[in-house]
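So you can see what is in the structure, the chains are spelled out below.
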Amino acid sequence: VSGLNFGIKFLSQLAFSLGVLLWFLVLALDNTEYVLNLMVQGTGYYFQYAIFQINFQTDAFAQLTPGDGRATDGKSGPAGFMNGWTVFYMAWWTAWSSFVGLFVARISRGRTIREVVGYSLVGPLIYAIAWFAVFGGVGIRHARVADELEALGTTQFGNATYYKVNDYCFAPPTE
């Protein structure tokens, strides 16, 4: 039994360490200034939108019916989405939070409230922001570079795959 516990613990620590190593390598070998700026910007967007704005978004104007003040230009959103989504989302979190709370309370026996909040809320939040800023930001930047090279190949050479065919994917002319 101790071998199984040791093996699972070792494998989980190894996987976590390799993930952190991969994260650090991508951060260090890509455009680090861009990724760090994206991390700050993403954190600001998270606090501005995900915590304060989206939780109170009910899209009241989209819920208006024709003859009740609905937009006449045809640009109003569908009412059904927000009517159902708000209720569904709040019901889901209300139902699920009791299970999560009981689980966290059970595995946190003997810890202080500060440790529980730090280990279950603050730590994972910081890790998720850093992880998604690095891998998401690098992925989006590379997709945009590919689009830019495709447009540049079309404009300069009349061939959208010019830079991909000639293996100059990351070295376009500076002209």
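Treat the numbers as computed from the prediction; the structure is a model and nothing was measured.

Caption draft 1: Seen up close, the overall build of the protein. For the protein, the helix and strand inventory stands at five helices and zero strands. Expressed as a percentage of the 175 residues in the protein, the buried residues total 11%. Summarising the internal contacts of the protein: among those between residues at least 6 apart in sequence, 45% fall at separations of at least 24. Within the structure as shown, the protein displays about 13,700 Å² of accessible surface, and the carbon and sulfur contribution to it stands at 68%.

Caption draft 2: Structural context of helix α2 (residues 32–53). In this model, α2 (22 residues) spans 30 Å end to end at C-alpha, consistent with the 32 Å of a helix rising 1.5 Å per residue. Roughly 30° is the biggest bend found in α2, and it falls at Tyr46.

Caption draft 3: Highlighting helix α4 (residues 113–157). Helix length check: α4 (45 residues) gives 63 Å between terminal C-alpha atoms against 66 Å at 1.5 Å per residue, within 8%. Along α4, the helix axis deviates most sharply at Tyr119, where the bend reaches about 35°. Within α4, the full set of buried residues consists of Ile129, Ala130, Ala133, Val134, Gly137, Val138, Val145, Leu149 and Gly153. Gly158 occupies a position one or two residues after α4 and carries a positive phi of about 70°.

Caption draft 4: Expanded view of the environment of Phe157. Positionally, Phe157 belongs in helix α4. Dropping the residues within four chain positions of it, Phe157 is found in contact with Leu152, Tyr162 and Tyr163.

Caption draft 5: Molecular detail of the pattern of salt bridges. According to the stated counting rule, one finds one salt bridge in the structure shown. In this structure, Arg141 engages Asp30 in a salt bridge whose closest nitrogen and oxygen atoms are separated by 2.6 Å. Taken together, the residues span a long stretch of sequence, with Arg141 in helix α4 and Asp30 in the loop between α1 (2–29) and α2 at a distance of 111 residues. Given the relative accessible area of 24%, Arg141 is considered partly exposed.

Definitions and cut-offs
Residues numbered from 1 in each chain as written. Predicted model: local features only at pLDDT ≥ 70, side-chain atom pairs only at ≥ 80, totals over all residues. Heavy atoms only, no water. Helix = DSSP H or I, 4+ residues; strand = E, 2+ residues; numbered from the N terminus. Buried < 20%, exposed > 50% of the residue type's maximum accessible area, 1.4 Å probe, protein only. Contact = heavy atoms within 4.5 Å. Areas by Shrake-Rupley, 256 points an atom, 1.4 Å probe, with all protein chains shown as cover. Expected span 1.5 Å × (residues − 1). Bend = angle between axes of the 7 residues up to and from the residue. Salt bridge = Lys/Arg side-chain N within 4 Å of Asp/Glu carboxyl O.

Read these as layout, nothing more, since geometry by itself doesn't imply function.
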